Amino acid sequence: MDNIKHTSGPWMAIKTGERVVDTVIDKKDSIICQLHNGCINHNQEHINQNAALISAAPELLAAVKELLPYAEHLAKNHDTGVIERAKAAIAKATNIDQS
């Protein structure tokens, strides 16, 4: 299996208060990140959706990694660029330079 260097999932978003609107925590209640309501051009819905996306990151990464071999097999004769985008997303999420 991969040598995971990020905080392992699952992560979850919780409502935390007035200034810190959402906090993303891991299964040990350690803080992954906090989203504040003072951000320019971000309303409450944006903050909630950002927290939901961040909290799903470990599962999304694992799913893309698991699906990639199947997608590569299926896309052998159909170059849509999706394989390269998936690999780039994995590299970005795992901090791996693809150059």
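The following refers to the structure shown. From a predicted model like this one, the values you see are computed outputs, not experimental measurements.

1. Notes on the overall build of the protein chain
1) Next: A tally of regular secondary structure across the protein chain gives two helices and three strands.
2) Next: With 99 residues in all, the protein chain has 21% of them scored as buried.
3) Next: A fraction of 30% describes how many contacts in the protein chain between residues 6 or more apart in sequence connect residues 24 or more apart.
4) Next: In the structure as shown, the protein chain presents an accessible area of about 7500 Å², 57% of it carried by carbon and sulfur atoms.

2. Considering the pattern of salt bridges
Note on pairing: side chains with opposite charge can pair once their charged atoms come close.
1) Next: The tally for this structure, following the rule as stated, stands at one salt bridge.
2) Next: Residue E72 is joined to K87 by a salt bridge in which the shortest nitrogen-to-oxygen separation is 3.0 Å. On the criterion of sequence distance, the pair formed by E72 in helix 1 (residues 44–74) and K87 in helix 2 (residues 82–94) is long-range, its members being 15 residues apart.
3) Next: Exposure remark for E72: the relative accessible area of 32% places this residue in the partly exposed category.

3. Some points on the environment of K15
1) Next: For K15, the position within the fold is in strand 1 (residues 12–15).
2) Next: A C-alpha to C-alpha distance of 8.9 Å links K15 and N48, two positions 33 residues apart in sequence.
3) Next: Excluding residues that lie within four positions of it along the chain, K15 makes contacts with V21, D22, Q44 and N48.

4. Considering unusual backbone geometry
1) Next: Non-glycine residue D29 carries a positive phi angle of around 65°.
2) Next: Counting through the fold element by element, D29 comes out in the loop between strand 2 (20–25) and strand 3 (31–36).
3) Next: Note on D29: relative accessible area 55%, which makes it exposed.

5. Digging into helix 1
1) Next: The sharpest bend along helix 1 comes to roughly 50°, located at A57, with the proline P58 sitting one to four residues further on.
2) Next: I47, A51, S55, P58, L61 and L68 are the residues of helix 1 that are buried.

6. What about the packing of helix 1 against helix 2?
1) Next: Orientation of helix 1 relative to helix 2, taken along the N-to-C sense of each, is 150°, at an axis distance of 10 Å. Considering their axes alone, helix 1 and helix 2 lie roughly antiparallel with respect to each other. Classified by chirality, the crossing of helix 2 by helix 1 is left-handed. Contacts between helix 1 and helix 2 involve L61, V64, K65, L68, A71 and E72 from the former and I83, A86, K87, I90, A93 and T94 from the latter.

Criteria and thresholds
- Residues numbered from 1 in each chain as written.
- Predicted model: local features only at pLDDT ≥ 70, side-chain atom pairs only at ≥ 80, totals over all residues.
- Heavy atoms only, no water.
- Helix = DSSP H or I, 4+ residues; strand = E, 2+ residues; numbered from the N terminus.
- Buried < 20%, exposed > 50% of the residue type's maximum accessible area, 1.4 Å probe, protein only.
- Contact = heavy atoms within 4.5 Å.
- Areas by Shrake-Rupley, 256 points an atom, 1.4 Å probe, with all protein chains shown as cover.
- Salt bridge = Lys/Arg side-chain N within 4 Å of Asp/Glu carboxyl O.
- Bend = angle between axes of the 7 residues up to and from the residue.
- Axes fitted to C-alpha atoms, helices over the stretch in contact; angles between N-to-C directions.
- Parallel < 35°, antiparallel > 145°, perpendicular 65-115°, else oblique.
- Left-handed = near helix turned anticlockwise from the far one by under 90°.

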